[in-house]
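Architecture at a glance
Chain residues, written in single-letter form:
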Amino acid sequence: MSTATNDVKPEVKMVSVTIEGRTTSVPEGTTIIEAAKTVGVLIPHYCYHPGLPVAGVCRMCLVDVEKFPKLAPACATTVMEGQVVSVHSEKAREARKGVLEFLLINHPLDCPVCDQSGECELQDYTFQEGRAESRYEEPKRFNPVEDFGGDVLYVPNRCILCTRCVRFMGDVVEEPVLNVSERGDRAFIGKAEGHDLTDAWAGNVVDLCPVGALLSKDFLNKARAWELDRSASICTGCSQGCNVTVETRDNTVVRLKPRSNTAVNHFYLCEQGRLDYRWINRRDRLDQPKVRVDGEWRTVDWEDALDAAAAALAGKRVTVLASPNCSNETLFLAERMIARQGGSGVFRVMLGAEAPLRGVEDLSLRAERAANATGARLLGYADLAQGAPIVNANDVLLVLDDVLEGELPTALTGMMSSGAIVVHVGTTLPAVLEGRAQVALPTTNHTEEEGTFTNLRGRVQRFLQARTAPGLARPSWYVMSDLVERLGAGEGRYMASAVFDQLAATHASFAGLSYATLALRGLPVIDAAERDVLAPTVAV
Amino acid sequence: MTYGPSSGQLVRPPEHHHDEPYVPVFTGARRDELDTILSRYPTKMAALLPALWMVQDTYGWVSEPAVEEVASVLDLTPAYVKGVLSFYTMYHQHPVGKHFVQVCTTTPCNVCGAEDVVKAFLEHTGCGELGVTSPDNRFTVIEVECLGACGFATPVMINNEFIESVTPERVARIVAEHD
């Protein structure tokens, strides 16, 4: 606590409060609900969300404040010096029990068929402090399910009218396409006909909804929340580097959810990042090492394949054609190879239209549709769009993952037709390399390995393994490590963290960083401020 | 989204006149009138209620295209306008009869026989049911809460006309006077 106090600028006055018997010191103006979080007390709430303006409509966060005649809503009451707050006093519990009973009056109690079940705050708090049995005997209100457009489905019967979705669209997206229609017990969340939730960031209303009223059509009836395994990861949709949770069921990615990080994406994730995950599960993967012998592909074991690749690379200049979705670790090891043998590295990044989330500073679906173009730049790789390197017939072309998809620019076709030996390290064998590569080494995609990406602001962020590797595929940094080792550099490292440590020791930008210090929130590279210019905003 | 009939609520009529082209309200003199209203408020958004009244005065109800028009003249989204429109029960979201009859049925009037006045209106206008427009499109009858004339039970409002001390016997004549 003392360190927290020291970090705060001197002009901020600190206020001492006691919540559930635990005393804390928070800046003046902090709400009780936020102050409670600092002492590990979660005050039940529905309409409150740290990313949205305070509405105070659900009455769920009522707490007992000493010397207050009435219970106070913790989301809309700021702390005062010496205040003593009781969250679980009998009076407060009784009030919240009453609120829950009202909220459940028109609720269909259809948890067994509801997608939100298992991650529903209405379910959780009712279990925690609601009545065990309903006293309501009258018929319940019924409204039909409505398609809100985009990826969103509205089930009005389950809605508790917390208005988080309305405030998100109004104050964060700044496109108020949702409203509270009618009033009193007839109220529901409405929209105007022909004006759907089509904004690039509208899908976040599904995450914001504390109950099962707003559902993802993509995830509808796909899995129960408690069957999912969750791993911290980074979205590869663009260079923003939004923190995500990869949710898998039986080793298949079924959903991506935003993971809160106030330094990057706050609580949000755009539609593109959210829904573009099916490629992760693709079955047509390269899952065995292959070597071409007399023009025919032969499936071989890893030792033979690595020997063949090392033999092809030994003593040659190497041109690395890298995907900007390769991790810093992989790109670093390839760069080591270039440093030893001569050559150069380029990456090819796809571009798309920018889509900012207007209500949040510096959060946007970026034009560069890859996770680690900045990392590649920091490690000395050049953008293919700025010109292709000259590849001699005597060189080796090392292709790192999926850079040869779609229509190839002339710069690339030139590189491919140079006559150089091609060694491919990637998750799939692209058609263009089918008859061209000499060795194909299968690697895992970013959900099957661990590593780091550097986002456009130079923030280095870790991603963890979420699924198992297909077949014999190995993490790309591991494959590169083996290759570097075989080429005699003695620089092979067999833990991702060790590769990163070596990277941090070699490159000034990454100095002082390690997996331990990055943790799951990431840290900016040491010269991030100057490096901003490395990630220009590309007008498309 | 629709609801069944409940007190004070209109019942969506079976026929809907959505196919007729919508004629904008805020043109010519009415546009000037709106501009005068706008000059009284700090923001355009603040003039939403008067703008909706102007639409209702013109067409008798506020249709979807009217919502779009109001939204565009006040720089709002249609959803926002709809939210406000649906909050207030005095704005009609469906067509109503030429004469909109509101009968007070709150406690004092109820004691003095307002229920029978309502029944008489439903019978004589041909509406048959609360919130339903008569087949000749002349009347719509609804119950309302206190009209503030408890001393003159039962008060009835037909459009902007206020009629006090209505008894079931007077209803036939009142209906006849409103063609």
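All of these numbers come straight from a predicted model, not from anything done at the bench. (Residues numbered from 1 in each chain as written. Chains lettered and ligands numbered in written order. Predicted model: local features only at pLDDT ≥ 70, side-chain atom pairs only at ≥ 80, totals over all residues.)

A separate point is the overall build of chain B. Looking only at helices and strands, one finds seven helices and four strands in chain B. Per-residue burial over chain B gives 35% buried out of 179 residues. Within chain B, residue pairs in contact and separated by at least 24 positions form 60% of the contacts whose partners lie at least 6 positions apart. (Helix = DSSP H or I, 4+ residues; strand = E, 2+ residues; numbered from the N terminus. Buried ≥ 20, exposed ≤ 12 C-beta atoms within 10 Å, placed from the backbone. Contact = placed C-beta atoms within 7 Å.)

Along the backbone of chain A there are 16 helices and 26 strands. Seen through its principal axes, chain A has C-alpha atoms that stretch 85 × 55 × 40 Å. A separation of at least 24 residues holds for 66% of the contacts in chain A among residues at least 6 apart in sequence.

So, about the nonpolar core. Counting residues in hydrophobic clusters, the biggest one holds 160 residues, and the most contacted among them are Val 63, Val 205, Ala 322, Leu 398 and Val 423 of chain A. Counting residues per element, this core draws most heavily on helix α13 (residues 476-486) of chain A, which supplies six residues. Grouped together as the second largest cluster of nonpolar side chains are 26 residues, Val 101, Cys 127, Leu 147 and Ile 174 of chain B included. (Core = buried A, V, L, I, M, F, W, Y, C linked by C-beta atoms within 7 Å.)

Quick look at the confidence of the model for chain B now. All names here are of chain B. Averaged over all residues, the pLDDT of chain B is 90; the fraction at 70 or higher stands at 89%. Confidence drops under pLDDT 50 across residues 1-7; counting only partners more than four residues distant or on other chains, this segment forms twelve contacts. For this predicted complex, the interface score ipTM comes out at 0.84, alongside a pTM of 0.91. (pLDDT = per-residue confidence, 0-100.)

Residue and element names in this part refer to chain B. Running from N to C, helix α6 (residues 114-125) and helix α7 (residues 168-177) cross one another at 30 degrees; their axes reach a closest spacing of 9 Å. At the point where α6 passes α7, the crossing takes the right-handed sense. Where α6 abuts α7, its residues Asp 116, Val 117, Ala 120, Phe 121, His 124 and Thr 125 lie against Pro 168, Val 171, Ala 172 and Val 175. For the contact of α6 with α7, the residue count by class is seven nonpolar, two polar and one charged. (Axes fitted to C-alpha atoms, helices over the stretch in contact; angles between N-to-C directions. Left-handed = near helix turned anticlockwise from the far one by under 90°. Nonpolar A, V, L, I, M, F, W, Y, C, P; charged D, E, K, R; others polar.)

Below, the discussion takes up the interface of chain B and chain A. Taken residue by residue, the interface counts twelve residues in chain B and 19 residues in chain A. Those elements giving two or more residues to the side of chain B that touches chain A turn out to be α3 (64-73) and α4 (78-87) of chain B. In terms of residues, the side of chain B that touches chain A owes the most to one element, α4 of chain B, which gives seven residues.

For the rest of this paragraph, the subject is helix α14 (residues 496-506) of chain A. Residues and elements named next belong to chain A. If you check which residues of α14 are buried, you get Ala 496, Val 499, Phe 500, Leu 503 and Ala 504. One side of α14 carries all its buried residues, which in axial view fall inside an arc of 140 degrees. Next to the buried residues of α14 lie α9 (328-341), β24 (451-454), α13 and α15 (515-518). (Arc of directions from axis to C-beta.)

What follows concerns the sheet that holds strand β26 (residues 523-524) of chain A. Residues and elements named next belong to chain A. In spatial order, the strands read β24-β25-β26; together these three strands make up an open sheet with antiparallel pairing. Edge strands, defined here as strands with exactly one partner in the open sheet, are β24 and β26. Sheet analysis places strand β25 (residues 459-463) next to β26, joined by two bridges and oriented antiparallel. Paired with Val 460 across the bridge in β26 is Leu 523. Running over the sheet, α9 touches β24 and β25 and is turned about 90 degrees from β24. (Pairing = 2+ DSSP bridges.)

Residues and elements named next belong to chain A. As judged from the four bridges shared by strand β8 (residues 178-181) and strand β9 (residues 188-191), these two strands associate in the antiparallel manner. Bridging from a neighbouring strand, Ser 181 pairs with Phe 188 of β9. Connecting β8 to the antiparallel partner β9 that follows it, the hairpin turn spans six residues, and Glu 182 within it adopts a positive phi of roughly 60 degrees.

Before going further, it helps to spend a moment on the environment of Lys 217 of chain A. All names here are of chain A. Position of Lys 217 among the secondary structure elements: in the loop between β10 (214-216) and β11 (229-234). By C-beta crowding, Lys 217 is classed as partly exposed, having 15 other C-beta atoms within 10 Å. For Lys 217, the contacting residues outside a window of four places in its chain are Asp 151 and Leu 153.

Residue and element names in this part refer to chain A. If you walk across this open sheet you meet the three strands as β6-β7-β10, and the pairing is antiparallel. The open sheet is flanked by β6 (146-147) and β10, the only strands paired with a single partner. In this structure, β6 lies alongside strand β7 (residues 152-154), joined through two bridges in antiparallel fashion. From the neighbouring strand, Glu 146 faces β7, where its bridge partner is Tyr 154.

Here the amide bond leading from Ala 153 of chain B into Thr 154 of chain B is cis, since omega sits at -5 degrees, within 30 degrees of zero. Examined against the element boundaries, Thr 154 of chain B turns out to sit in the loop between β2 (139-144) and β3 (156-158). One non-glycine residue, Glu 174 of chain A, adopts positive backbone phi at about 60 degrees. Mapped onto the secondary structure, Glu 174 of chain A falls in the loop between α5 (164-172) and β8. For Glu 174 of chain A, a count of 11 C-beta atoms within 10 Å gives the class exposed. Positive phi is not limited to glycine here, since Asp 75 of chain B has a value of about 55 degrees. On the secondary structure map, Asp 75 of chain B appears in the loop between α3 and α4. Asp 75 of chain B sits in the exposed class, given 9 other C-beta atoms within 10 Å.

A few words now on the environment of Val 396 of chain A. Residue and element names in this part refer to chain A. In this fold, Val 396 is placed in strand β21 (residues 396-400). With 26 residues separating them along the chain, Val 396 and Val 422 place their C-alpha atoms 5.9 Å apart. Setting aside its immediate chain neighbours within four residues, Val 396 contacts Ala 312, Leu 313, Lys 316, Val 318, Ala 420, Ile 421 and Val 423.

Before going further, it helps to spend a moment on the confidence of the model for chain A. Residues and elements named next belong to chain A. Confidence along chain A averages 92 in pLDDT terms, with 96% of residues attaining 70 or more. Confidence over residues 1-5 falls short of pLDDT 50; this stretch has four contacts with residues more than four positions distant or in other chains. Segment residues 533-540: pLDDT under 50, and 14 contacts once partners within four positions in sequence are set aside and those in other chains are kept.

Before going further, it helps to examine the packing of α9 of chain A against α14 of chain A. Residues and elements named next belong to chain A. Where α9 meets α14, the closest approach of the two axes is 9 Å, and the angle between their N-to-C directions is 60 degrees. In terms of axis orientation, α9 runs oblique to α14. Note that α9 runs across α14; the crossing there is left-handed. Between α9 and α14, the residues in contact are Asn 328, Glu 329, Phe 332 and Leu 333 and Ala 496, Val 499, Phe 500 and Leu 503, respectively. (Parallel < 35°, antiparallel > 145°, perpendicular 65-115°, else oblique.)

Along the polypeptide, Ala 469 of chain A turns up in the loop between β25 and α13. Beyond its immediate stretch of four places on either side in the chain, Ala 469 of chain A contacts Thr 444, Glu 448 and Arg 474 of chain A.

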